Amino acid sequence: MSKGGSKRFPTHHGYGEVNISRYVVLYVSQLAWLGLGLYLYAGAYWPSTCTPVNLLEIYQCSPRLPETRGWREAALMTWLWSTPILIALEILRWVKKDPD
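Let us look at the structure shown here. (Residues numbered from 1 in each chain as written. Predicted model: local features only at pLDDT ≥ 70, side-chain atom pairs only at ≥ 80, totals over all residues. Heavy atoms only, no water.)

Mapped onto the elements, Leu-36 comes out in helix α1 (residues 20-43). Owing to a relative accessible area of 36%, Leu-36 belongs among the partly exposed residues under this scheme. In this structure the C-alpha to C-alpha distance between Leu-36 and Ala-75, which are 39 residues apart in sequence, comes to 9.7 Å. (Helix = DSSP H or I, 4+ residues; strand = E, 2+ residues; numbered from the N terminus. Buried < 20%, exposed > 50% of the residue type's maximum accessible area, 1.4 Å probe, protein only.)

Put into structure tokens, the structure is as follows:
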């Protein structure tokens, strides 16, 4: 039974070369994620008691978005609260890289 790793490169255990296509897919998906957020924000209906002007107010008012019972508002709230988590995970991935 062989140890883990690639059959093509037996000494590389998960650290093979990264093709340019992976970077293209990564950046295209990030642009698509931001585009989705802009689309949701542009069409969302904010409650009349809470009309945000800046980013801090957007996050303060976001828990009230689903009150209108629209899919776009619920999706925007989910997008708003998942984006910082995804950014934090990406930063942790870069910070915790092994020097090996």
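From this point, the discussion proceeds with the structure in view.
As a further point, take the packing of aromatic side chains. For the structure shown, the criterion picks out three aromatic pairs. Both rings, one in Tyr-41 and one in Trp-46, keep their centres 6.2 Å apart while their planes meet at 65 degrees; by these two values the pair is edge-to-face. With relative accessibility at 36%, the residue Tyr-41 sits in the partly exposed group. For Trp-46, a relative accessible area of 12% translates into the label buried. Centre to centre, the rings of Tyr-59 and Trp-81 are 5.2 Å apart; their planes meet at 85 degrees, and the pair counts as edge-to-face. Within this pair, whereas Tyr-59 is found in helix α2 (residues 55-61), its partner Trp-81 is found in helix α3 (residues 71-95), the two being separated by 22 residues in sequence. (Phe/Tyr/Trp six-rings, centres within 6.5 Å; stacked < 30°, edge-to-face > 60°.)

The next thing to look at is a nonpolar patch on the surface. There is a patch of nonpolar side chains on the surface, built from Leu-31, Trp-33, Leu-34, Leu-36, Tyr-39, Trp-71, Ile-85, Leu-86, Leu-89 and Leu-92 and spanning about 1000 Å² of accessible area. Those elements giving two or more residues to the nonpolar patch turn out to be α1 and α3. By the element assignment, Tyr-39 lies in helix α1. What makes Tyr-39 partly exposed here is its relative accessible area of 44%. (Patch = residues over 30% accessible without salt bridge, like charges linked within 9 Å, V, L, I, M, F, W, Y side chains within 5 Å. Areas by Shrake-Rupley, 256 points an atom, 1.4 Å probe, with all protein chains shown as cover. Salt bridge = Lys/Arg side-chain N within 4 Å of Asp/Glu carboxyl O.)

Before going further, it helps to spend a moment on the pattern of salt bridges. In this structure the tally under the stated criterion is two salt bridges. Here Arg-64 ties to Glu-67 by a salt bridge, and the two come within 3.2 Å at their closest N and O atoms. Accessibility expressed as a relative area gives 30% for Arg-64, which makes it partly exposed. Between Glu-90 and Arg-93 there is a salt bridge whose closest N-O contact spans 2.8 Å. Linking Glu-90 with Arg-93, this pair stays in helix α3, spanning three residues, or about one helical turn.

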